[in-house]
Every structure is written in C-alpha cells, then in structure tokens.
Amino acid sequence: MTIFKHELRQGRKSFIIWTAAIMFLLAVCVFLYPEMKAEMDSINELFSSMGSFTAAFGMDKLNVGTLIGFYSVECGSILGLGGAFFAALCAVDLLCKEERMQTSEFLLTHPLSRVKIMTGKFLSVICRIFEMNIAIFLIVLVSIAAIGEPIPLTELILIHVAYLLLTLEIAGICFGVSAFIRRGSIGIGLGISAILYILNLISNIAEPAEFLRYITPFAYCEGSQIISDGSLDLPKILIGFLIAGACVAAAYLTYPKKNIH
Amino acid sequence: MHVIETKNLTKSYGKARGIVDLTLTVEQGEWFGFIGPNGAGKSTTIRTLLGLIFPTSGSAKIFGLDVVTQKEEILKRVGYLPSEALFYPGMKVKDILKFSADLRKTDCSKTAAALCDRLKLDVNRKVDELSFGNRKKVAIVTALQSKPELLILDEPTSGLDPLMQHEFFEIIREYNKEGSTVFVSSHILPEIERNCDRAGVIREGRLIACDSVEALGQSNAKRISLSGDVNVDGLAGIKDICVNGETKSFLYSGDINALIGKLAGCNVKDLTITDPDLDEIFLHFYGNDAKESTGPNTGSYGREEN
C-alpha cells in the first residue's frame with residue numbers, strides 16, 4: 001500500500017498533464033462537430049474518397065457525418081494514441097526507473113519482497129489508467145451535451161471500454177518490458193505504442209497483412225467496426241489480454257531474480 | 001551467534017570478477033571493518049548480503065537466515081547506508097524519512113528527529129537540492145532511524161566534513177554499545193583502526209586477511225627509521241624505502257639479527273623501530289604492484305580523513 005501511494009504521488013504531475021491534454025483535445029474535437037455537420041455532405045464525400053487513407057482510418061465503413069461516426073474517427077486517434085502513450089510511458093518506466101535514478105539501493109533494501117513492490121507499482125498504473133479513462137469519458141459526455149447533440153451512450157461506452165482495454169493491454173506489455181531493461185525505457189515505451197498503432201494502419205490497408213489485427217490492440221478499437229457490430233470484438237480482446245498477461249507473468253518471474261545495479 | 005556468515009561466497013559478472021570464495025563471519029555486537037581498494041569487491045559483497053544481487057555459488061546468512069530466500073526477514077533487522085545515496089527527486093527530506101519508516105511499518109519519528117538534530121539536517125529541504133554530504137546524512141538517518149540490529153555501512157564517511165564524521169562515529173558507537181552489530185566497508189584505514197574490533201582485507205575479490213585489528217597490525221614487519229651513515233643494501237625484506245638526506249625509513253620484514261649485524265658496522269646517529277600502522281599493513285597486503293604503480297609515497301593512501 002505504501003508503494004502504491006508513493007507511486008501515485010510520484011506520477012501525479014505527469015498524470016495531470018496527460019489527462020488534461022487529452023481532455024482538452026477531445027473537447028475541442030467535439031466542439032468542432034457542429035461546424036463539420038453544416039458542411040457534412042461535401043466532407044463525407046471527401047473523407048470517403050481518399051482511397052487507402054480512407055481505409056486506414058476506417059472511414060470507408062461509417063458515416064463521419066453523424067456524431068458517433070465523426071467521434072470515432074477524429075477522437076479515436078486522440079484517445080487511442082494519447083492513452084496508449086501515457087500507459088506505455090508509465091508502465092515501461094515502472095521497474096527500471098529505480099535503477100535509472102539509482103534509488104533501487106534505497107527501495108529494495110527495505111523489508112519488502114520484490115513481488116510486493118511490483119504489485120504496488122503495477123496497481124498504481126492500473127489505477128491511473130482507470131482514473132484517466134473515467135475523466136475523459138466524463139468530459140466527452142459534457143462536451144456533447146454542451147453542443148446540444150443527443151448522446152449516443154451505448155456506442156460511446158463501447159468505444160471507451162475498448163480504449164480502456166487497449167491502454168490496459170499496453171500497460172501490461174510495457175510492464176513486462178520494464179522488468180528486463182535498465183535504461184532507454186522512454187524510447188522503448190513510445191516505440192511499442194507507435195508500432196502497434198502503425199501495424200493497425202497497415203492491416204487496414206493491405207489485405208495480406210490482415211493477420212496483424214490479432215496482434216495489435218488498436219484493431220479492436222476500430223470505431224467503425226464497433227459501431228457496425230454494436231459489440232466488442234471479444235476474440236481479439238482475449239488474444240490481446242493473453243499477450244499482456246504473458247508479459248506481466250514474465251515480469252513476475254524475472255524481476256525477483258534480477259541482479260540490481 | 002554469527003550475525004553474518006558467508007561460505008565460499010562467489011559472485012561473478014560474466015567474465016568480470018566480483019568476489020571469489022569469500023568466507024567470513026561477523027559475531028553479535030562486533031564492529032567489523034571491511035577493507036579494500038576501489039573495485040576490490042566490497043560493494044559486491046554488501047549487495048549480495050542485502051539481496052540486491054544473487055550469489056553465483058556459495059551461501060550467505062544473516063542472523064542465521066538465508067540472504068536469498070529469507071531476505072524480507074533479514075531486511076527488517078538491517079539498516080543499510082549506501083556509499084552513494086540517491087533519492088526520489090521532488091521529495092522533501094521528511095517525506096523520505098516517513099516513506100522509509102512506512103515501508104518498515106514502524107513509527108521512527110522521534111529517533112529520526114533526534115538524529116536529524118545531531119547531524120544538523122534540515123528536514124524541510126527537497127532532496128534534489130541537497131549537496132552530496134547532506135544527501136549522505138539523509139541516508140544515515142534512514143539507515144539508523146529504525147534502530148536496526150545490524151548496520152551495514154558502505155564507505156560511510158565519504159562526503160561528510162570532519163566534524164560530521166566525528167558525530168557520525170559517536171552515533172554508531174552508541175548504537176554498537178546498545179547491541180547493534182556494525183559492518184563497515186572503507187578504504188580509509190585510520191577509521192577502521194580507531195573503531196573496529198576486527199577487520200577483513202579484501203583484494204581482487206578474495207579475502208586475504210581477517211583478524212582483530214591489533215593482530216592485523218602485528219605482522220612481522222617493523223617500521224625502521226635510521227639516520228646516520230648507514231648502508232642497508234643487500235638486506236632481504238626491505239619494503240617501501242624512503243630516503244631523505246641522511247634519514248632512511250623502511251618497512252622491514254627480514255631477520256632482525258641480520259639488520260643489527262649490518263647496523264653494527266655503521267655510524268648510526270638515531271634509530272627508531274615501531275610497529276607499522278594499518279596503512280602500512282595495507283600496503284604490505286596489497287603488495288608491490290600497488291606500491292610501484294602509485295609511486296614511493298603510498299603511505300598516504302587512505303589518509304584523506306586527517
């Protein structure tokens with residue numbers, strides 16, 4: 001519990017900045033919608049006629065003229081990338097920062113097993129991810145209400161749950177990585193998120209690359225798919241969580257035996 | 001009871017040497033010095049004892065508990081002062097002390113306050129604004145505030161000014177009198193000589209001597225100072241010779257009769273024979289390679305304190 005609280009306190013500033021930034025961008029995006037709606041027809045035509053670019057962002061499957069279509073395309077990227085980067089940066093630094101900042105001699109010579117330390121740290125990131133996603137969801141509801149549009153609650157919840165699962169999966173993967181590395185965590189964290197994001201774009205454009213959808217969590221966050229199915233893609237989510245679970249398990253197996261320098 | 005007991009403890013990092021076959025024991029209530037130059041394996045030994053790194057072979061026990069499998073139990077009763085103390089940036093000194101106490105699930109605020117007062121440590125400063133010496137004080141308080149049964153101190157005085165060093169050793173002496181066992185690593189020999197009951201000398205990862213500080217000082221070698229028209233050439237067992245005009249000073253470990261015989265034929269104006277201090281013993285243990293590589297006057301090795 002002490003570790004959990006300590007980690008929350010340590011990461012508070014970065015959490016506030018990331019959350020505020022994502023909330024701001026999402027609100028701006030929602031507030032742009034009334035303007036877009038006015039020019040809906042021409043925009044819809046434009047967005048659906050950009051060839052593979054259209055496919056990459058899933059704009060061939062839904063109508064960006066509706067609020068939820070517009071939201072899932074425009075806001076989805078912000079939500080996905082913002083959340084993924086935040087989760088990756090927090091989680092990938094979690095264990096190795098003690099060695100990087102040379103605080104491991106302090107922390108690990110206290111009477112606490114490494115497993116307890118890891119658990120406290122990991123739970124703090126999970127807690128931050130939930131807090132962030134709840135804050136973001138609330139600002140979106142408020143923004144949509146503010147522009148006077150009806151709130152498409154079911155679709156919004158589905159999309160946001162998908163993105164919550166995405167950030168959790170990425171946090172799990174990065175936590176696993178954190179147990180193995182000593183430095184360079186920020187680059188690795190950003191790299192993992194960016195690669196997973198790009199893999200999804202590729203899988204949308206090129207048919208032979210469709211199998212990539214089972215690897216990247218961004219695949220089960222496609223707003224277009226979620227809206228047309230009216231449900232989440234459970235098999236993909238399951239695979240994602242098996243990958244993340246394996247990474248977390250690897251961390252628990254490795255870190256307690258790691259030589260700390 | 002053995003507070004610390006290692007048996008053939010070995011830690012190797014790939015090809016690099018860490019420690020080799022280290023066997024030593026530290027008894028309850030003892031003040032044990034662990035001497036060696038930088039890179040000899042002092043910190044490696046300490047890190048193994050604390051469970052930060054894991055032995056390649058051999059075993060180590062503290063309070064009879066295994067350092068690998070019963071680490072938590074051990075650490076409850078150990079206070080550790082690292083040689084280079086770094087803390088979480090942005091935290092105040094008092095937050096660090098509180099955090100450390102919370103991790104130990106104890107309230108040490110009274111002891112902490114008394115220690116901070118004695119060491120003149122301002123608890124309201126942020127740790128990242130502190131000088132090296134002041135950070136060291138924070139580390140001292142975190143190591144001592146829980147009144148541990150065993151203190152493991154890694155080069156404890158680096159960064160502290162002489163007054164603080166004095167105060168620090170006063171505090172450690174009090175803890176020792178109250179029953180704490182002290183294990184201190186250092187390359188500052190007078191520190192060991194003044195305070196420790198026993199000492200171990202480590203060189204290139206191996207324990208090359210381990211005895212009471214007096215016994216370590218009583219090797220066969222004597223420090224001989226001579227002045228006058230003397231020629232000691234050809235005598236075996238002369239080390240660390242230093243010639244200053246008519247005065248010669250050297251460590252002698254050869255046959256004392258041979259020396260007297262040689263001197264009998266010379267015009268000796270003055271002669272003193274003393275037991276060498278630990279500094280010189282240190283040189284003796286570290287042999288000719290250390291002496292030759294650092295010049296003739298390595299007698300000052302480890303003298304930075306005074």
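Residues numbered from 1 in each chain as written. Chains lettered and ligands numbered in written order. Predicted model: local features only at pLDDT ≥ 70, side-chain atom pairs only at ≥ 80, totals over all residues.

**Some details on the overall build of chain B**
Per the secondary structure count, chain B includes 10 helices and 14 strands. Sorting the 306 residues of chain B into buried and exposed places 39% on the buried side. If you take every contact in chain B between residues at least 6 apart in sequence, the share linking residues at least 24 apart comes to 69%. (Helix = DSSP H or I, 4+ residues; strand = E, 2+ residues; numbered from the N terminus. Buried ≥ 20, exposed ≤ 12 C-beta atoms within 10 Å, placed from the backbone. Contact = placed C-beta atoms within 7 Å.)

**Points about the overall build of chain A**
Of regular secondary structure, chain A possesses 12 helices and zero strands. Traced from its N-terminal end to its C-terminal end, chain A shows the element sequence α-α-α-α-α-α-α-α-α-α-α-α. The globule rule puts the C-alpha radius of gyration for 261 residues at 18 Å, and the 20 Å found for chain A is close to it. Within chain A, the proportion of its 261 residues that are buried is 45%. Taking contacts inside chain A between residues at least 6 apart in sequence as the whole, the part at least 24 apart equals 75%. (Rg over C-alpha atoms; globule rule 2.2 N^0.38 Å.)

**Some remarks on helix α6 (residues 162-177) of chain B**
Residue and element names in this part refer to chain B. The terminal C-alpha atoms of α6 lie 22 Å apart, and with 16 residues this matches the ideal 22 Å at 1.5 Å per residue to within 8%. All buried positions along α6 are accounted for by Met 164, Phe 168 and Ile 172. Looking straight down α6, one finds that the buried residues subtend no more than 75 degrees of arc, so they occupy a single side. The exposed set on the far side of α6, more than 90 degrees from its buried face, consists of Pro 162, Leu 163, His 166, Glu 170, Glu 174 and Lys 177. Along its buried surface, α6 packs onto α4 (109-119), α5 (132-144), β7 (150-154) and β8 (181-186). (Expected span 1.5 Å × (residues − 1). Arc of directions from axis to C-beta.)

**Concerning the domain arrangement of chain B**
Taken domain by domain, chain B holds domain 1 (2-215) and domain 2 (217-300). One C-alpha centre belongs to domain 1 of chain B, the other to domain 2 of chain B; they are set 36 Å apart. (Domains from an automatic or database assignment.)

**Let's talk about the sheet that holds strand β1 (residues 2-13) of chain B**
Residue and element names in this part refer to chain B. Across the sheet, which stays open at both edges, the four strands sit in the order β2-β1-β4-β5 with antiparallel pairing between neighbours. One side of each edge strand has no neighbouring strand; the edge strands of this open sheet are β2 (16-27) and β5 (65-66). Sheet topology note: the β1/strand β4 (residues 57-62) ladder contains five bridges and is antiparallel. Paired with Lys 7 across the strands is Ser 59, a residue of β4. (Pairing = 2+ DSSP bridges.)

**Remarks on the nonpolar core**
Residues A:Ala91, A:Ala171, B:Val141, B:Ile152 and B:Phe183 are the most contacted members of the largest nonpolar core, which totals 135 residues. Residue contacts for A:Ala91: discarding those within four places in its chain leaves A:Val125, A:Ala171, A:Cys174, A:Phe175 and A:Ser178. Core analysis: the second largest hydrophobic core is formed by five residues, B:Ala221, B:Ile224, B:Leu226 and B:Leu251 among them. (Core = buried A, V, L, I, M, F, W, Y, C linked by C-beta atoms within 7 Å.)

**Here's the deal with the interface of chain A and chain B**
Residue-level contacts link 17 residues of chain A with 17 residues of chain B. Of all elements in the fold, only α1 (2-10) and α7 (104-107) of chain A reach the threshold of two or more residues within the side of chain A that touches chain B. Broken down by element, the side of chain A that touches chain B gets its largest block of residues, three residues, from α1(A). Of the residues assigned to the side of chain A that touches chain B, the class counts are six nonpolar, nine polar and two charged. (Nonpolar A, V, L, I, M, F, W, Y, C, P; charged D, E, K, R; others polar.)

**Remarks on the confidence of the model for chain B**
All names here are of chain B. Summary statistics for chain B give a mean pLDDT of 86 and a share of 90% for residues scoring 70 or more. Contacts for the low-pLDDT stretch residues 288-306, under 50 throughout, to residues beyond four places or in other chains number 26 contacts. Both scores are available for the predicted complex, with the pTM at 0.84 and the ipTM at 0.86. (pLDDT = per-residue confidence, 0-100.)

**A closer look at the packing of α4(B) against α5(B)**
Residue and element names in this part refer to chain B. At their nearest, the axes of α4 and α5 sit 10 Å apart, and the two run at 150 degrees to each other. By the angle between their axes, α4 is roughly antiparallel relative to α5. Crossing angle aside, the handedness with which α4 passes α5 is right-handed. Where α4 approaches α5, its residues Ala 112, Leu 115, Cys 116 and Leu 119 are matched on the opposing element by Lys 137, Ile 140, Val 141 and Leu 144. (Axes fitted to C-alpha atoms, helices over the stretch in contact; angles between N-to-C directions. Parallel < 35°, antiparallel > 145°, perpendicular 65-115°, else oblique. Left-handed = near helix turned anticlockwise from the far one by under 90°.)

**A short note on the sheet that holds strand β14 (residues 267-274) of chain B**
Across a sheet, paired strands are connected by hydrogen bonds in the backbone, their directions being either parallel or antiparallel. Residue and element names in this part refer to chain B. Pairing in this open sheet of four strands is antiparallel, and the strands run β12-β13-β11-β14 from one edge to the other. Two strands lie at the open edges of the sheet, namely β12 (238-244) and β14, each paired on one side alone. Taking each pair of neighbouring strands and ignoring which way they run, the sheet shows an average axis angle of 15 degrees. Alignment of strand β11 (residues 222-229) against strand β13 (residues 247-252), held across six bridges, turns out to be antiparallel. The residue of β13 that forms the bridge with Lys 222 is Tyr 252.

**With respect to the environment of A:Arg182**
Mapped onto the elements of the fold, A:Arg182 is located in the loop between α9 (153-178) and α10 (185-205). For A:Arg182, a count of 12 C-beta atoms within 10 Å puts it in the exposed group.

**What about the environment of A:Ile144?**
Residue and element names in this part refer to chain A. Here Ile 144 is to be found in helix α8 (residues 114-146). Owing to 22 C-beta atoms within 10 Å, Ile 144 belongs among the buried residues under this scheme. If near-sequence neighbours (up to four positions away) are discounted, Ile 144 is found in contact with Val 30, Glu 149 and Ile 151.

**With respect to the packing of helix α2 (residues 12-38) of chain A against helix α5 (residues 67-93) of chain A**
Residues and elements named next belong to chain A. For the pair α2 and α5, interaxial distance at closest approach is 10 Å and the crossing angle is 165 degrees. Here α2 is positioned roughly antiparallel relative to α5, judged by the angle of their axes. The chirality of how α2 crosses α5 is right-handed. Only Leu 67, Phe 70, Glu 74, Cys 75, Ile 78, Leu 79, Gly 82 and Phe 86 of α5 make contact with α2, whose side of the interface consists of Trp 18, Ile 22, Leu 25, Leu 26, Cys 29, Tyr 33 and Met 36. Residues that form the contact of α2 with α5 fall into these classes: 13 nonpolar, one polar and one charged.

**Points about the pairing of β4(B)**
All names here are of chain B. As defined by bridge partners, β4 adjoins β5 across two bridges and the pair is classed as antiparallel. Its bridge partner being in β5, Lys 61 is matched across the sheet by Asp 66. Where β4 folds back on β5, the antiparallel hairpin that results is connected by two residues, among which Phe 63 adopts a positive phi of roughly 55 degrees.

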